[in-house]
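Coordinate analysis (summary)
Listed here are the chains, written in short residue letters.
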Amino acid sequence: MFKYFKNKWGLKSNFQLIIILIVFAITGSGSLYISAPVMDFFSECIDFENNLTYWIVRFFVVTLIYQFVLLVVAFIFGQFNWFWNFEKRILKKLGFFK
């Protein structure tokens, strides 16, 4: 499995793969942690009539925060360039970059 991800992502070592997986893990947890106060703020400003509206807004808030936290955590772990290229590939697929 390590070999598959190393080839797919163009990584040089198992250590780099471990660092990248750690960055993904910290980013996922961190974005959920950071989104809680943001959603508390939105709950004060917006009256969510039902849970569906709340969870749709939460999904978009977490997704937006995730993108920023990913780059910050990647910078801390010295993998900013790899993650910036990863982000650009994702954004190209979504049609934001050409």
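The structure under discussion appears in the preceding block.
Notes on the structure follow. (Residues numbered from 1 in each chain as written. Predicted model: local features only at pLDDT ≥ 70, side-chain atom pairs only at ≥ 80, totals over all residues. Heavy atoms only, no water.)

Take the overall build of the protein chain next. Scanning the protein chain for helices and strands turns up four helices and zero strands. When its helices and strands are written in sequence order, the protein chain yields α-α-α-α. Here the protein chain has a C-alpha radius of gyration of 16 Å; the compact-globule value for 98 residues is 13 Å, and the former is much larger. Projected onto its principal axes, the C-alpha positions of the protein chain cover 50 × 30 × 25 Å. Taking all 98 residues of the protein chain together, 29% fall into the buried category. In the protein chain, of all internal contacts separated by at least 6 residues, the share reaching a separation of at least 24 is 48%. Put simply, the protein chain shows about 7300 Å² of open surface, and 68% of that area lies on carbon and sulfur atoms. With 10 positive and 5 negative side-chain charges, the protein chain shows a separation of 32 Å between the mean positions of the two kinds. (Helix = DSSP H or I, 4+ residues; strand = E, 2+ residues; numbered from the N terminus. Rg over C-alpha atoms; globule rule 2.2 N^0.38 Å. Buried < 20%, exposed > 50% of the residue type's maximum accessible area, 1.4 Å probe, protein only. Contact = heavy atoms within 4.5 Å. Areas by Shrake-Rupley, 256 points an atom, 1.4 Å probe, with all protein chains shown as cover. Lys, Arg positive; Asp, Glu negative; His and termini not counted. Charge placed at Lys NZ, Arg CZ, Asp CG, Glu CD.)

Let us now look at helix H3 (residues 51–76). Look at H3: 36 Å from first C-alpha to last across 26 residues, which is about the 38 Å you get at 1.5 Å a residue. Residues of H3 that are buried make contact with helix H2 (14–45) and helix H4 (80–94). Downstream of H3 by a residue or two, Gly 78 has a phi angle that is positive, lying close to 75°. (Expected span 1.5 Å × (residues − 1).)

Most often, soluble globular proteins have nonpolar side chains that are buried together. Judged by nonpolar contacts, the single largest core of 19 residues is most densely connected at Trp 9, Leu 11, Ile 20, Val 23, Phe 24, Trp 82 and Phe 83. The set of elements that each furnish at least two residues to this core consists of H2, H3 and H4. With seven residues, the single largest contributor to this core is H3. Not counting the four nearest positions on each side in its chain, Phe 24 is found in contact with Trp 9, Tyr 66, Leu 70, Trp 82, Phe 83 and Phe 86. (Core = buried A, V, L, I, M, F, W, Y, C linked by side-chain atoms within 4.5 Å.)

Everything listed is a geometric property; what it means functionally is a separate question.
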